[in-house]
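# Secondary and tertiary structure notes
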Amino acid sequence: MQIGALELQQDLSPAAWIIERIHDFAVDVGSVVPVGFETYVRIFHPATRIDDGAKVPVRWAKIAAANGRTVHPEMQWPNVAGVWPNASGPGVWRHEPEEGCVPPSHAAILEELLAPHTSTPDLVWFAVWCGFGGLRFHPFGTTRLAAGRPRRFRKRQRIPPPPSPKFKLPAREYFLLSGPLAGVHENLCLRPFWQSANLWWPEDRAWFVATEIDFMSTYVGGSEGLI
């Protein structure tokens, strides 16, 4: 099944290595990105405010400064921003950072940065959490419903496609897709909503990108040069 530039996969073997190298759920960075990379980086999804009717990204550092908080690699959104938007004062931010999803602007930046650090940019694997509603594909198969007056001779009933398989990580299950690195721009959810892939890595496994469904940040594992 084709979803834009990406193809939904039935063979899950390309994800087997992740299962072998991921830590248990909610232990450390290794619970999100497989262990074994030279180093890792955390990317904070920006908050936004509205200026002249347009959304403007707001860095966590600016919000932390407005609240008298310290910026550090393990900072958490509720502590940096406070519980309510007005905690940081009028005009600093309005909408919280994207959760469980790479913002489109950041996906474009990541594509540009990651491309030179893989020998297989035309074959990248993508995974999306199976629990999202409104996915563009029908992972559980479809059934045609009959309507209208009964007929003496019924047409042969179409057999629905089998459910798409999922690979399991601790406390999470994912559908697997593949395509070129440019597939990061593919919206996996029906409009007007946006949903990026949660996990993506090239065939040569030179790096790994992970956006945990409950996180407002994205982790990348790779070489020292890339990070």
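In short, a report on the structure. Since the model is a prediction, treat every value here as computed from it, not as a measurement. (Residues numbered from 1 in each chain as written. Predicted model: local features only at pLDDT ≥ 70, side-chain atom pairs only at ≥ 80, totals over all residues. Heavy atoms only, no water.)

### Details of the overall build of the protein chain
Looking only at helices and strands, one finds four helices and 11 strands in the protein chain. Per-residue burial for the protein chain yields a buried fraction of 42% across its 227 residues. Contacts spanning at least 24 positions in sequence make up 69% of the contacts within the protein chain whose residues lie at least 6 apart. When the accessible surface of the protein chain is split by element, carbon and sulfur atoms take 54% of a total near 13,200 Å². (Helix = DSSP H or I, 4+ residues; strand = E, 2+ residues; numbered from the N terminus. Buried < 20%, exposed > 50% of the residue type's maximum accessible area, 1.4 Å probe, protein only. Contact = heavy atoms within 4.5 Å. Areas by Shrake-Rupley, 256 points an atom, 1.4 Å probe, with all protein chains shown as cover.)

### A short note on the pairing of strand 4 (residues 47-51)
Relative to strand 5 (residues 54-58), strand 4 is paired through five bridges, and the arrangement is antiparallel. The partner of isoleucine 50 across the bridge, within strand 5, is lysine 55. With antiparallel pairing between neighbouring strands as the criterion, strand 4 and strand 5 make up a hairpin whose turn holds two residues, including aspartate 52 at a positive phi of roughly 55 degrees. (Pairing = 2+ DSSP bridges.)

### Side note on the nonpolar core
Core analysis: the biggest nonpolar cluster contains 26 residues, and Leu114, Phe126, Val128, Leu177, Trp200 and Trp207 have the highest contact counts within it. Those residues in contact with tryptophan 200 that lie beyond four places of it in its chain are Leu110, Leu114, Val124, Trp125, Phe126, Leu181, Val184, Trp207, Phe208 and Val209. (Core = buried A, V, L, I, M, F, W, Y, C linked by side-chain atoms within 4.5 Å.)

### Overview of the packing of aromatic side chains
Going through the model one piece at a time under the given rule, you end up with 12 aromatic pairs. For the ring pair phenylalanine 44 and tryptophan 60, a centre distance of 4.7 Å and an interplane angle of 45 degrees mean the geometry is tilted. Residue phenylalanine 44 is located in strand 3 (residues 39-44), and its partner tryptophan 60 is located in helix 2 (residues 60-66); the two are separated by 16 residues in the primary sequence. Residue classification places tryptophan 60 among the buried residues on the basis of a relative accessible area of 3%. (Phe/Tyr/Trp six-rings, centres within 6.5 Å; stacked < 30°, edge-to-face > 60°.)

### Concerning the pattern of salt bridges
Applying the stated criterion to the full structure yields six salt bridges. Measuring nitrogen to oxygen at the nearest pair gives 4.0 Å for the salt bridge that ties glutamate 173 to lysine 166. We classify glutamate 173 as partly exposed; its relative accessible area is 26%. A salt bridge links glutamate 212 to arginine 172, with the shortest nitrogen-to-oxygen separation between them at 2.6 Å. Remark: arginine 172 occurs in strand 8 (residues 172-179) and glutamate 212 occurs in the loop between strand 10 (208-210) and strand 11 (217-222); sequence separation between them is 40 residues. (Salt bridge = Lys/Arg side-chain N within 4 Å of Asp/Glu carboxyl O.)

### Side note on the side chain of serine 196
Take serine 196: it is sitting in the loop between strand 8 and strand 9 (199-202). When sequence neighbours within four positions are dropped, the list of residues in contact with serine 196 reads Cys101, Val102, Val128 and Leu188.

### A short note on helix 4 (residues 104-114)
Looking at helix 4, one finds that the buried residues are His106, Ala107, Leu110 and Leu114. The buried residues of helix 4 occupy an angular sector of 105 degrees when the element is viewed end-on, so they sit on one face. The elements touched by buried residues of helix 4 are strand 3, strand 9, strand 10 and strand 11. (Arc of directions from axis to C-beta.)

### Let's talk about the environment of aspartate 214
Position of aspartate 214 relative to the elements: it lies in the loop between strand 10 and strand 11. For the pair aspartate 214 and glutamate 99, spaced 115 residues apart in sequence, the C-alpha separation works out to 6.0 Å. Discounting chain neighbours no more than four positions away, the residues touching aspartate 214 are Glu99 and Arg172. At a separation of 3.2 Å, a polar atom in the side chain of aspartate 214 contacts the side chain of arginine 172. (Polar contact = N/O pair within 3.5 Å; in protein donor to acceptor, adjacent residues only side chain to side chain.)

### So, the state of the cysteines
The tally for this structure, following the rule as stated, stands at zero disulfides. Left without a disulfide partner, cysteine 101 is nearest to the cysteine sulfur of cysteine 189, which lies 8.8 Å away. (Disulfide = S-S within 2.5 Å.)

### As for the side chain of glutamate 212
Of the residues examined, glutamate 212 reaches a relative accessible area of 9% and is grouped as buried. Reaching out from glutamate 212, the side chain makes a polar contact with the side chain of arginine 172 at a distance of 2.6 Å. When neighbours within four sequence positions are excluded, glutamate 212 is seen to be in contact with Val32, Gly100, Arg172 and Tyr174.

### Structural notes on unusual backbone geometry
The omega angle of the peptide bond from arginine 191 to proline 192 is 15 degrees, so this bond is cis rather than trans. With respect to the helices and strands, the residue proline 192 is situated in the loop between strand 8 and strand 9. In this structure, alanine 26 is a non-glycine residue whose phi angle is positive, near 60 degrees. Looking at the element boundaries, alanine 26 is found in the loop between helix 1 (16-21) and strand 3. For alanine 26, a relative accessible area of 64% gives the class exposed.

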